[in-house]
Amino acid sequence: MKKPQSSYILFSNDQRNLIKQETPGLSIGEIAKITGLKWKALSAEDRERYDALAKSARDDYKKAQEENVEDVSMEEQKACNPDAVVYPLARVKRIVKQNPSIHKISNEALIAISKATELFVEYLGKKSHEQTLYRKRQQIKASDVIQAIHSCSILEWLRDDIEIMKEMDMSEKKLSQNDSSRKTISDFFKGSALAKEVEDQGEEQKTEVAKVLN
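Throughout what follows, the structure given in this document is the object of discussion. Being a predicted model, the structure only gives us computed values, none of them experimental.

## Some details on the pattern of salt bridges
Evaluation of the coordinates by the stated rule reveals six salt bridges. K38 is the partner of E22 in a salt bridge, and the nearest nitrogen-oxygen pair spans 3.7 Å. Separated by 16 residues along the polypeptide, E22 in helix 1 (residues 7-22) and K38 in helix 2 (residues 28-40) bring together distant segments of the chain. Residue D144 is joined to R137 by a salt bridge in which the shortest nitrogen-to-oxygen separation is 2.5 Å. Here R137 falls in the partly exposed class, since its relative accessible area comes to 24%. Through salt bridges that share partners, R135, R137 and D144 make up one connected network.

## Structural notes on helix 2
Since one α-helical turn is 3.6 residues long, residues separated by three or four positions face the same way. The end-to-end C-alpha separation of helix 2 is 19 Å, in line with the 18 Å expected for 13 residues at 1.5 Å each. Within helix 2 the residues assigned to the buried category are I31, T35, G36 and W39. Buried residues of helix 2, seen end-on, are gathered within an arc of 140 degrees and therefore sit on one face of the element. With respect to the buried face of helix 2, the exposed residues turned more than 90 degrees away are K33, L37 and K40.

## With respect to the packing of helix 6 (residues 107-134) against helix 7 (residues 142-151)
Packed helices, taken two at a time, are described by the angle between their axes plus the distance between the axes. Contact pair helix 6 / helix 7: the axes reach a minimum separation of 8 Å and the direction vectors enclose 110 degrees. Comparing their axes, helix 7 and helix 6 come out roughly perpendicular. Each of L124, K127, S128, Q131 and T132 in helix 6 lies in contact with helix 7, whose residues at this interface are D144, V145, Q147, A148, I149 and S151. Looking at the contact of helix 6 with helix 7, its residues break down into four nonpolar, five polar and two charged.

Conventions and cut-offs
- Residues numbered from 1 in each chain as written.
- Predicted model: local features only at pLDDT ≥ 70, side-chain atom pairs only at ≥ 80, totals over all residues.
- Heavy atoms only, no water.
- Salt bridge = Lys/Arg side-chain N within 4 Å of Asp/Glu carboxyl O.
- Helix = DSSP H or I, 4+ residues; strand = E, 2+ residues; numbered from the N terminus.
- Buried < 20%, exposed > 50% of the residue type's maximum accessible area, 1.4 Å probe, protein only.
- Expected span 1.5 Å × (residues − 1).
- Arc of directions from axis to C-beta.
- Axes fitted to C-alpha atoms, helices over the stretch in contact; angles between N-to-C directions.
- Parallel < 35°, antiparallel > 145°, perpendicular 65-115°, else oblique.
- Contact = heavy atoms within 4.5 Å.
- Nonpolar A, V, L, I, M, F, W, Y, C, P; charged D, E, K, R; others polar.

Take a look at the structure:
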């Protein structure tokens, strides 16, 4: 997709052939010089018309970029990496642009950020999985991630976020405790008169069955 042209370039495109027709044989430099003089002499009304055309072209270009960012970037991803990237670049772009200091970001930068994030998550997952295996478990828990961060100097910068992970770990433990302390219907009625009555009926049925069999 070509970038939008400025109002001066649009004016130059209109004037180039006219100047060639009026004065054949001029060099490119001479044509550019005459175009510049005509641009300076252009009325405010005519200049506003070219400014409006340029603005419309910029708006269309921006809209097309936002709508087609995934398609455009995917082509570039394939050129950089046949396997492309995991994270949708449109979403990466929205996250990046939440930073008020960032107004524009190229597709190449989006690919780099996405790929770097992918590699980071892969590395963190690998180190956390090592802790899981060490504890002879199959499922990675928040405590494994915390231990991986503590034991790996490369991940030291994540230690400020460990409090969040500790909360996750506590939530996991609470869920585990709830599962182990969960009572069944039998537990609820255990020791009650109703339970004793059901138990007595069961014994009577067993006795009757034994009599029939004998």
